[in-house]
Amino acid sequence: MAVDGMLRSGLAVQHFMLQRVKGRRFLGDTCALQYTHTYTHERPAPGIEMSVTKRFSILSLMILCLSPVVYPKRIFRCPSACSCSKESIICVGSSSVPRIIPNDINSLSIVNGTFSEIKEAMFSHVPSLQLLLLNSNSFTTIRDDAFSGLPHLEYLFIESNKIETTSRYAFRGLRDLTHLSLANNNMKALPRDLFMDLDSLIELDLRGNAFECDCRAKWLMTWLRSTNATVSDIMCAGPEDMKGKRLNDLRSLASDCISTDFVLHQSVGVQSLSVDTFSYKNDVFVAIASPSSGSCMIMQWDHIEMNFRTYDNITGQSIVGCKSVTIESHVFVIVAQLFGGSRIYKFDEDQNKFSKFQDIEVAKVSKPNDIEAFQIAKEWFFVIADSAKAGMTTLYKWNEQGFYSYQSLHEWFRDTDAEFVSMEGKARLILASRSQSPIIYQWNKGAQKFLPQGEIPNMEDAVAVRAFRIKEDHFLALTRYIGDSKVLKWTAKEFVEVQALPSRGSMSLQPFTFKERHYLALGSDYTFSRMYLWDEEAKEFSLFKEVYIHAPRSFTVVSTDRRDFIFASSFKGNTQIYEHIIIDLSL
Ligand SMILES: [Ca+2]
């Protein structure tokens, strides 16, 4: 590679010299012919290393040819390690850049030198430079603005050094640069947008480096597709699965180079049991059920302050659930109370607040624990799960004037949670109870009622059930307080366990999806709550992050302004709002 790189730069130097000749700066054909002749004959056979002396002699010869006047009229003392002509200086084995250089020097070569860094503005005292060759030195680093003050530089060769680090703005300002070679160095990665200023680049040589084609190379892969310059092969030295591939050919890397995280965005100073969200006229709202403050706290996303602010307060006593339903652009909030009955509030556009719409007939409901609202064949329903021993889970239906009690579902079982699932064209309702395995009801179109269809066996003590989808597959997340919470998959007409997640005081195992990433949040009363992320290859959830929430009761997804949040309700502390953030690993 060293020979090859040197030959390439030799050819580019030749190009530079001929340009000069064409530019009528120097002499005539005789010397040009002599140069070509010498170059051709000095060229080593493939595989044979060209000695530095020989390389040097080629360069010297070129310079001698191009500069017949060896002794310029101006008095300038050529440094001892250098060979100087009117327009060129070549230094071999020097340890510094010559300090005093005549104004009309346009090419400078430093080979076999002993410096380690190309520092900021290192050559700015030679602003006339058009060619700079720094081959076979010991450079390891190129600093920001290393070539500042060289507005005319067209050829830059930094080959066969030990460059490992190139700063992001190393080549800043080189708008006339046409040829750049960093061949045969120790570079594994290049900083993003390194070539941004190189508007005139025609040829770039990066051969003979050990590039890691990981996320750090993503920008280079993209840039290769857009640049007009001719770029050498960039071979991947790693990671293992990319070894030997040409970065120039790649359209994607092994990873999408995106990671995510959950960061605390806002803490709301109320304890809560559950949170629900709704949108109304392009605004996003949340309804927080807070028993301790006796309210459904309505908050609105503030597009200017970029946080959630209090909008309204629906007061009551022992509020355990606030569920929103939007019917024909009217927003209702169903408020479930432990005592004093449950009610429905409606948003009053004139007064910009919620006002009472109706009482709910709750003769049979004694201890509401959960509300779910859903549609079957365009009809609106909601169900209240009753966790009292003598209670009865009840279905309510919308009849244009209000909701009325429609069907009593489940007696004597202390239901803790209801979940509506629509799949394969069938509407199902799953009820989790303290006293038995979860029961599945299926909507019967003829009877217009839910009829028991079966149960999910061996899943006693499930306190909550959630349905979710990953692509075409249907899953259930079943929460157990102590023991294992479970992930079940729908296969051949039944739900089958596919994963167990240890629960230590869990009231909620909540599935949610942000930016096509599938998560599960598992609350815990005794330790950290856990976020799991779906692994598409392993086809299971793996632990993603732990967060501390005091007595978590629910996790609710709220998306707005292209930002994604999860509200973690806490029965004993503040309601915490976490934001799902994207981290670009290629930066
Ligand atoms: Ca529920």
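Predicted, not measured: the structure shown is a model, and the values here were computed from it.

K.L.:
So what exactly am I meant to see when it comes to the overall build of the chain here?
P.N.:
Within the chain, the secondary structure is distributed over four helices and 41 strands. For the chain, with 587 residues in total, the buried portion stands at 40%. Looking at the chain alone, contacts between residues at least 24 apart form 48% of all its contacts between residues at least 6 apart.

K.L.:
Help me understand the sheet that holds strand β30 (residues 449-455) in this model?
P.N.:
The strands making up a sheet are joined through hydrogen bonds of the backbone, oriented either antiparallel or parallel. Ordered by their spatial adjacency, four strands build an open sheet running β27-β28-β29-β30, and the pairing between neighbours is antiparallel. The sheet is open, and its two edges are formed by β27 (415-423) and β30, each paired on a single side. Averaged over all neighbouring strand pairs, the angle between strand axes comes to 25°, with direction disregarded. Here strand β29 (residues 439-444) pairs with β30 via six bridges, running antiparallel. Directly across from Gln442, in β30, lies its bridge partner Leu451.

K.L.:
Whenever I open this one, the nonpolar core confuses me. Can you help?
P.N.:
Generally speaking, nonpolar side chains in soluble globular proteins are found buried as a group. Among the nonpolar cores identified, the biggest contains 86 residues, and Val286, Ile288, Cys296, Val333, Ile334, Val335 and Phe382 are the most heavily contacted of them. Leave out the neighbours within four places in its chain, and Val286 touches Val275, Asp276, Thr277, Met299, Phe308, Val558 and Phe567. In terms of nonpolar packing, the next biggest core, distinct from the first, is built from 52 residues, Cys84, Phe123, Leu132 and Leu253 among them.

K.L.:
Hey, could you run me through the confidence of the model for the chain in this one?
P.N.:
Note: predicted coordinates in regions of low pLDDT should not be interpreted at a detailed level. Averaged over every residue, the pLDDT of the chain is 87; residues scoring 70 or more account for 87%. Contacts from residues 1-7, a stretch scored under 50 in pLDDT, to residues over four places away or in other chains number 20 contacts. Contacts of residues 21-73 to residues separated by more than four positions or lying in other chains number 52 contacts, the stretch itself having pLDDT below 50.

K.L.:
Looking at this structure, I do not really get the environment of Trp223. What am I missing?
P.N.:
Its location among the elements puts Trp223 in helix α4 (residues 218-226). Along the chain, Trp223 and Asp193 lie 30 residues apart, while their C-alpha atoms are 8.3 Å from each other.

K.L.:
Hey, could you run me through the pairing of strand β37 (residues 529-535) in this one?
P.N.:
The side chains of a regular strand alternate between the sheet's two faces. Most of β37 is tucked away: five of the seven residues are buried. Note that strand β36 (residues 517-522) and β37 share four bridges and pair antiparallel. Along β37, the bridge assignment pairs Ala521 with Met531. Counted between consecutive antiparallel strands, the loop separating β36 from β37 contains six residues. Summarising the sheet, β37 and strand β38 (residues 540-547) pair through seven bridges and their orientation is antiparallel. Bridge assignment links Tyr532 to a residue of β38, and that residue is Leu543. Where β37 folds back on β38, the antiparallel hairpin that results is connected by four residues, among which Lys539 adopts a positive phi of roughly 55°.

K.L.:
Would you mind going over the pairing of strand β21 (residues 343-348) with me for this structure?
P.N.:
Relative to β21, strand β20 (residues 330-337) runs antiparallel, the two being bridged by four bridges. Note that in β21 the partner of Phe332 across the bridge is Lys346. The antiparallel hairpin formed by β20 and β21 contains five residues in its connecting segment, where Gly340 sits at a positive phi of about 85°. Of the strand pairs in this sheet, β21 and strand β22 (residues 353-359) are connected by six bridges, and their pairing is antiparallel. Directly across from Ile344, in β22, lies its bridge partner Gln358.

K.L.:
Hey, could you run me through the sheet that holds strand β41 (residues 575-584) in this one?
P.N.:
Taking strand neighbours across the sheet as the criterion, the four strands line up as β14-β41-β40-β39 in an open arrangement whose pairing is antiparallel. Each of the sheet's edge strands pairs with one partner strand only, and the pair in question is β14 (258-268) and β39 (552-560). Across the sheet, the axes of successive neighbouring strands diverge by a mean angle of 25°, strand direction being ignored. Sheet topology note: the strand β40 (residues 563-570)/β41 ladder contains five bridges and is antiparallel.

K.L.:
I'm lost on unusual backbone geometry in this one. Help?
P.N.:
The general pattern is negative phi for most residues beyond glycine and trans for most peptide bonds. Here the bond from Gly238 into Pro239 is cis, since omega is -10°, no more than 30 degrees from zero. Following the sequence through the fold, Pro239 ends up in the loop between β13 (236-238) and β14. Of note, the phi angle at Met306 is positive, near 60°, even though the residue is not glycine. Here Met306 shows up in the loop between β17 (295-302) and β18 (307-315).

K.L.:
Looking at this structure, I do not really get the environment of Val487. What am I missing?
P.N.:
Relative to the elements of secondary structure, Val487 occurs in strand β33 (residues 482-491). Residue Val487 is classed as buried on the basis of its 22 C-beta neighbours within 10 Å. Distance in space between the C-alpha atoms of Val487 and Leu520 is 9.7 Å, their sequence separation being 33 residues. Excluding residues that lie within four positions of it along the chain, Val487 makes contacts with Phe475, Ala477, Val498, Gln499 and Phe541.

K.L.:
So what exactly am I meant to see when it comes to the environment of Asp370 here?
P.N.:
Looking at the secondary structure, you find Asp370 in strand β23 (residues 368-376). As a C-alpha pair, Asp370 and Ser387 span 17 residues in sequence and 8.8 Å in three-dimensional space. Apart from the residues within four sequence positions on either side, Asp370 is in contact with Gly321, Ala385, Thr416, Asp417 and Ala418.

Parameters at a glance
- Here the residue numbers are simple positions, counted from 1 along each chain's written sequence.
- Given that this is a predicted model, residues contribute local features only at a pLDDT of at least 70 and side-chain atom pairs are listed and counted only at 80 or more, while totals for whole chains, interfaces and linings are drawn from all residues.
- Strands here are runs of E lasting at least two residues and helices are runs of H or I lasting at least four, both read from the DSSP assignment and numbered beginning at the N terminus.
- With C-beta atoms placed from the backbone, a residue is buried if 20 or more other C-beta atoms are within 10 Å of its own, exposed if 12 or fewer are, and partly exposed between those counts.
- Contact between two residues is assigned when their C-beta atoms, built from the backbone, lie within 7 Å.
- Strand pairing is defined by DSSP finding a minimum of two bridges between the two strands.
- Angles run from 0 to 180 degrees between N-to-C directions of axes, and those axes are lines fitted to C-alpha atoms, restricted for helices to the stretch in contact.
- Nonpolar cores are built from buried Ala, Val, Leu, Ile, Met, Phe, Trp, Tyr and Cys residues. These are joined into a set through C-beta atoms within 7 Å.
- Scored from 0 to 100, pLDDT reflects the predictor's confidence in each residue.

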